[in-house]
Amino acid sequence: MFTIKRRINFYDCDPAGILFYAKLFEISHSVYEEMINSFKLKENYWSNEKFVVPIIKTDGAYFKPLKAGENISVNLSVTLLKDSSFELTYEWIDKTGELVAKARTVHVFVDAKTWLKTEIDAAVRTALEKHIY
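The written sequence of each chain sets the order in which its residues are numbered from 1. In keeping with the model being predicted, local features are shown solely for residues with a pLDDT of at least 70 and side-chain atom pairs are shown and tallied solely at 80 or more, while totals for entire chains, interfaces and linings include all residues. Note: side-chain values were computed over all heavy atoms of the structure, leaving out hydrogens and water.

Asks: Would you mind showing me how to read the nonpolar core here?
Replies: Core analysis: the largest hydrophobic core is formed by 32 residues, its most contacted members being Tyr-32, Tyr-45, Phe-86 and Trp-92. Under the DSSP-based scheme used, a helix requires at least four consecutive residues in state H or I and a strand at least two consecutive residues in state E, with every element numbered from the N terminus. Elements represented by at least two residues in this core include exactly strand E1 (2-7), helix H1 (23-38), strand E4 (71-81), strand E5 (85-93), strand E6 (99-108) and helix H2 (122-129). With six residues, the single largest contributor to this core is H1. Apart from the residues lying within four places of it in its own chain, the contact partners of Tyr-45 are Tyr-32, Ile-36, Phe-51, Val-53, Phe-86, Phe-109 and Val-124. Definition of nonpolar core: a set of buried residues of the types Ala, Val, Leu, Ile, Met, Phe, Trp, Tyr and Cys, connected through side-chain atoms within 4.5 Å. Only protein chains enter the area calculation, which uses a 1.4 Å probe; residues under 20% of their type maximum are buried, those over 50% are exposed, and those in between are partly exposed. Here, residues are in contact when the closest pair of their heavy atoms is within 4.5 Å.

Asks: What am I meant to see in the sheet that holds E6 here?
Replies: Two modes of strand pairing occur in sheets, parallel and antiparallel, and in both the strands are linked by backbone hydrogen bonds. The sheet built from five strands is open, its strands ordered E1-E4-E5-E6-E3 with antiparallel pairing. Unpaired on one side and paired on the other, E1 and strand E3 (55-62) mark the two borders of the sheet. The sheet shows a mean angle of 20° between the axes of neighbouring strands, direction not considered. Here, a strand pair is defined by DSSP locating no fewer than two bridges between the strands. Two elements, E5 and E6, share nine bridges in a ladder whose sense is antiparallel. Each bridged residue has a counterpart across the sheet, and for Thr-89 the counterpart in E6 is Arg-104. Sheet contacts for H1: E1, E3, E4, E5 and E6; angle to E1, the most-contacted strand, approximately 135°. The axes used here are C-alpha line fits, helices contributing only the stretch in contact, and every angle between their N-to-C directions lies in the interval 0 to 180 degrees.

Asks: What am I meant to see in the packing of aromatic side chains here?
Replies: The geometry of an aromatic ring pair comes down to the distance between the two centres and the angle between the two planes. Aromatic pairing here means that ring centres of Phe, Tyr or Trp (its six-membered ring) are within 6.5 Å. Orientation follows from the plane angle: under 30 degrees is stacked, over 60 is edge-to-face, and everything else is tilted. Applying the stated criterion across every chain, the model contains eight aromatic pairs. Judged by centre distance (4.8 Å) and plane angle (55°), the ring pair of Phe-20 and Tyr-21 falls under tilted. Of the residues examined, Tyr-21 reaches a relative accessible area of 55% and is grouped as exposed. Considering the side-chain rings of Tyr-32 and Trp-46, the 5.5 Å spacing of their centres and the 80° angle between planes classify their relative orientation as edge-to-face. Note that Tyr-32 is positioned in helix H1 and Trp-46 in the loop between H1 and strand E2 (51-52), a separation of 14 residues in sequence. The buried category is assigned to Tyr-32, whose relative accessible area is 2%. Given the relative accessible area of 40%, Trp-46 is considered partly exposed. Through pairs of rings, three or more aromatic residues link up here, namely Tyr-32, Tyr-45, Trp-46, Phe-51, Phe-86 and Phe-109.

Structure representation (structure tokens):
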């Protein structure tokens, strides 16, 4: 599991001061980026001549309103790892330890030239395996 602490900023919220729904995915994606960057890969994951890793599916759920100024932890886990794809689950936990939101993304490795599925890069797979939950 990979964990990042975040503060809900006012600019993340709607006029009522509650987290705007799309921010669940924006903040979750930033946690995904931080996890990938923590892998210290030799090759650039984000701009690679061999592979591209688009998101092919997402979903989210909100269990409690998140308000401006709240501090949360986002726990990111690899919940499925296949030959060419992986699933990430983001659990948003408030300061009391309560699950307040959840998101899921599915990513697939494709060849950068043909856009056909390809196996997950070995170094990436090894790093992802450390975060299986």
